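Chain by chain, the residues:
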Amino acid sequence: MGYEVVIPAAGSGKRMGAGHNKLFIELLGKPLIAHTLQVFEEDDQCDEIIVVVKKEEEERIKTIVRSQGFKKRIQFVAGGEERQHSVRHGLMHIKRDGVVLIHDGARPFVPLERISELVKTADAVGAAILAVPVKDTVKSVAESFIEKTVDRSRLWLAQTPQAFRLSVILEAHEKAYREGYVATDDAALVEWIGKQVAVVNGDERNIKITTPEDLTLAEYYILKNKGNRNANRTRL
Ligand code: C5P
């Protein structure tokens, strides 16, 4: 089943401390945003990519996209103050009321089979996200002392892509925009309007590259993926 994907890429990446948009950081000679776009370039189910960019970075991102020779239809849309506003701008450019994915530009390792499962679930339910169960013990802390140990058996870490029927996510974003409500992910907006969001198993490798420590792990994953591809080719 086909889908469209909105990729917010208009952040500044303060936690990376690179002094510029982290999506331009090169991982083994290729910018992070190009690695993320490559995933959707390779997914036959993806009909169109909408990249949300800062106006002043639009040319730079377009140059990167051209240099990669992507064949997919890619639109560029101007971003907003917060991630949520950037996503809303992207959604407003979609015409067809099918399934739309929202995926952070800083998550280049989402496996295609997880996307496929997510799209199927979102089509059936209206809203679905990838997530992984919390592995560590979780503490609630106030002023350097533990308040309590939180029961982790029901805690999951939300990832992207998050997938929605376009009408569902647009309704949530428009209401949030009108009422000035800001959340840290798109699923939270759908929860806020009282609709159900299904959870599909994500993948531990589907990290959001956020701090300098993540870069080493990211390069390891890229090399490993390359190794797997070469091994598959040899087998064929
Ligand atoms: O900063 P963080 O990694 O949480 O941002 C998640 C994604 O949202 C990134 O791909 C970033 O470029 C994007 N973003 C955006 N517009 C903003 C802030 C963040 O498109 N105003």
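Residues numbered from 1 in each chain as written. Predicted model: local features only at pLDDT ≥ 70, side-chain atom pairs only at ≥ 80, totals over all residues. Heavy atoms only, no water.

A.B. asks: Can you explain the overall build of the protein? Please cite residues and give values.
C.D. replies: Secondary structure summary: the protein contains seven helices and 11 strands in total. Radius of gyration (C-alpha) of the protein: 18 Å, near the 18 Å computed for a compact globule of 236 residues. Considering only C-alpha atoms, the protein reaches an extent of 50 × 40 × 40 Å along its principal axes. Out of the 236 residues in the protein, the part that is buried amounts to 48%. (Helix = DSSP H or I, 4+ residues; strand = E, 2+ residues; numbered from the N terminus. Rg over C-alpha atoms; globule rule 2.2 N^0.38 Å. Buried < 20%, exposed > 50% of the residue type's maximum accessible area, 1.4 Å probe, protein only.)

A.B. asks: Help me get a handle on the site of the ligand, residues and values and all.
C.D. replies: In the vicinity of the ligand there are 16 residues, among which Pro8, Ala10, Lys22, Ser86 and Lys208 approach most closely. Within the backbone of Glu81, one N or O atom sits 3.0 Å away from a nitrogen atom of the ligand. Glu82 is positioned with one of its backbone polar atoms (N or O) 3.5 Å from a nitrogen atom of the ligand. For the ligand, whose free accessible area comes to 470 Å², the fraction covered by protein is 86%. Considered class by class, the residues forming the shell around the ligand number five nonpolar, four polar and seven charged. (Near = heavy atom within 4 Å. Polar contact = N/O pair within 3.5 Å; in protein donor to acceptor, adjacent residues only side chain to side chain. Areas by Shrake-Rupley, 256 points an atom, 1.4 Å probe, with all protein chains shown as cover. Nonpolar A, V, L, I, M, F, W, Y, C, P; charged D, E, K, R; others polar.)

A.B. asks: If you had to explain the packing of aromatic side chains to someone new, which residues and values would you point to?
C.D. replies: Summed over all chains, the structure comprises four aromatic pairs. Judged by centre distance (4.3 Å) and plane angle (5°), the rings of Tyr181 and Trp192 are stacked. Residue Tyr181 is found in the loop between α5 (166-179) and α6 (186-192), and its partner Trp192 is found in helix α6; the two are separated by 11 residues along the sequence. Connected via pairs of aromatic rings, a cluster forms that spans Phe109, Tyr220 and Tyr221. Sitting above the plane of the Phe24 ring, Arg60 keeps its charged end 3.9 Å from the centroid. Seen from the ring of Trp192, Lys175 lies directly overhead, with NZ or CZ sitting 5.1 Å from the centre. (Phe/Tyr/Trp six-rings, centres within 6.5 Å; stacked < 30°, edge-to-face > 60°. Lys NZ or Arg CZ within 6 Å of the ring centre and 35° of its normal.)

A.B. asks: Explain the pairing of strand β5 (residues 73-78) to me, using residue names and the numbers behind them.
C.D. replies: The pairing of strand β4 (residues 46-53) with β5 spans six bridges and is parallel. Bridge assignment links Ile50 to a residue of β5, and that residue is Gln75. Note that the unit made of β4, helix α2 (residues 58-68) and β5 has a crossover that is right-handed. (Pairing = 2+ DSSP bridges. Right-handed = clockwise from strand over helix to strand, strands pointing away.)

A.B. asks: Which residues make up the pattern of salt bridges, and what values go with them?
C.D. replies: Scanning the entire structure with this criterion turns up 17 salt bridges. Where Lys55 meets Glu58, a salt bridge forms, and the shortest distance between an N and an O atom there is 2.7 Å. Look at Glu58 and you get buried, because its relative accessible area is 15%. Put simply, Glu174 and Arg88 hold a salt bridge, and the shortest N to O gap is 3.1 Å. Of this pair, Glu174 sits in helix α5 while Arg88 is found in helix α3 (residues 83-91), placing the two residues 86 residues apart along the sequence. In this structure Glu174 comes out as partly exposed when scored by relative accessible area, which is 25%. (Salt bridge = Lys/Arg side-chain N within 4 Å of Asp/Glu carboxyl O.)

A.B. asks: Can you lay out the side chain of Arg114 for me, pointing to particular residues and giving the numbers?
C.D. replies: For Arg114, the location among the structural elements is in helix α4 (residues 112-125). Judged by relative accessible area, Arg114 falls into the buried class, the value being 14%.

A.B. asks: Now, about the side chain of Lys30: what can you tell me, with residues and values included?
C.D. replies: Within the element layout of this structure, Lys30 appears in strand β3 (residues 30-31). Of the side chains with opposite charge, Glu42 lies nearest to the buried Lys30, which makes no salt bridge, at 6.8 Å. Ignoring anything within four residues of it in the chain, the contact list for Lys30 reads Ile25, His35, Gln38 and Gln68. (Lys, Arg positive; Asp, Glu negative; His and termini not counted. Contact = heavy atoms within 4.5 Å.)

A.B. asks: Can you lay out the packing of α3 against α5 for me, pointing to particular residues and giving the numbers?
C.D. replies: Where α3 contacts α5, the two axes come as close as 10 Å, and the packing angle between them is 135°. In terms of their interaxial angle, α3 and α5 are classed as oblique. Considering the relative orientation of α3 and α5, their crossing is left-handed. Between α3, through Gln84, Val87, Arg88 and Leu91, and α5, the contact on the second element is made entirely by Leu166, Ile169, Leu170, His173, Glu174, Ala176 and Tyr177. Tallied by class, the residues present in the contact of α3 with α5 amount to seven nonpolar, two polar and two charged. (Axes fitted to C-alpha atoms, helices over the stretch in contact; angles between N-to-C directions. Parallel < 35°, antiparallel > 145°, perpendicular 65-115°, else oblique. Left-handed = near helix turned anticlockwise from the far one by under 90°.)

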